[in-house]
Amino acid sequence: MSTDREVTRIVRSWLEEGVTALPDRVLDTVLDRVPATRQRPAWWPARRLPQMNSPIRIAAAVAAVLVVAVAGVYFLPRAGGLSIGAPPATPSPTPTPTPAPSLPASGEVPPGSYRFDFITFTLPAGWNATQDGAFKPDAKPPNGMAINTWRSINTVYTDPCHWQTTAVSVNPTVDAVVAALVAQKQSSKVTPTDVTVDGFRGKEIDLMVPLDVVIANCDGAQYTEFTEAPPGGDRYNQGPGQHDLLDILDVNGQVLTIKRSYWPANTPADLAELKAIFDSIRITP
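Residues numbered from 1 in each chain as written. Predicted model: local features only at pLDDT ≥ 70, side-chain atom pairs only at ≥ 80, totals over all residues. Heavy atoms only, no water.

### Quick look at the sheet that holds strand 15 (residues 282-283)
Whenever strands of a sheet pair, they do so through backbone hydrogen bonds, lying parallel or antiparallel. Formally: Being paired, for any two strands, means DSSP has found at least two bridges between them. Secondary structure elements are taken from DSSP: a helix is a run of H or I of four residues or more, a strand is a run of E of two residues or more, and numbering for both begins at the N terminus.
Strand order in the open sheet formed by three strands is 2-3-15, and the pairing between neighbours is antiparallel. Looking at strand neighbours, the two that pair on one side only are strand 2 (112-116) and strand 15, the edges of this open sheet. Where strand 2 lies against strand 3 (residues 119-123), five bridges are found, and the strand directions are antiparallel. Looking across to strand 3, one finds that F116 is bridged to I119.

In structure tokens, the structure reads:
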């Protein structure tokens, strides 16, 4: 309304310019809007206060106008359409993540997350599927890479080149499997380190095929490190210098071995790619 606008304009001018007097029409309008106090009964003695001078009356009027303005701002609907005291909006349900597809039995696979056994990992471009993991482009020299899993290793060969006569049965525990692999005939001493993969603890060891081994002269022309309990099989290496980086984990009482294979010729970028796949692993037994 025009009267309300005029009152607001004049009060704002008074606040900004230090005016000490207001027009009577403005003061009367403001005082009309201030609620009146009920009159006391005649028997209740009331003290008479000295009459307020004009500046005090004006200040009181301005205070009343400000109270009305602040109350209006507080109780009017906000810009988003919600007023003070409105019930909170119902949160949207969290969408259920889409499970990763199963890793095919063979062939090159598009980049993405895949599940095999009870492992889920993410593969970049250029990787191929196999029955127990993935490889790029082949786990052979000079720069092939692979990542595989093995369950329940129950046989370790003390001499992988002469594996037909050096088999040792092991209990299916992390410590027993690690101890048997460390005792293998290797090109250098193997030192286990503690590791945790997706919350599951175990040991990590780095096995390397000796550089002077001639695999054609090994039993059956094969260099064999260990055997997985049925329905698994033997672990064969392809040539001298091949690394098998093994993470041997206790997954709810069962031994799970995650193997990363690579060669001395692999570049730091190759090894970073292999490590990224390993770091993406999620174990869901």
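### As for the side chain of T149
Just so we agree on the cut-off: Whether two residues touch is decided by their heavy atoms; if any such pair falls within 4.5 Å, the residues are in contact.
Here T149 shows up in strand 6 (residues 145-151). Apart from the residues within four sequence positions on either side, T149 is in contact with F116, D117, I119, D132, L256, T257 and I258.

### Observations concerning the sheet that holds strand 8 (residues 167-169)
Selection criterion: A fitted line through C-alpha atoms represents every axis, and for helices the fit uses only the stretch in contact; the resulting angles, taken between N-to-C directions, go from 0 to 180 degrees.
An order of 8-7-11-12 is seen for the four strands of this open sheet, with the pairing classed as antiparallel. Here the strands that pair on one side only, and so sit at the sheet edges, are strand 8 and strand 12 (234-237). Here the strands of the sheet are splayed against their neighbours by 25° on average, with no regard to which way each runs. Here three bridges tie strand 7 (residues 153-157) to strand 11 (residues 223-228), and the two strands are oriented antiparallel to one another. If you follow I153 over to strand 11, its bridge partner there is E228.

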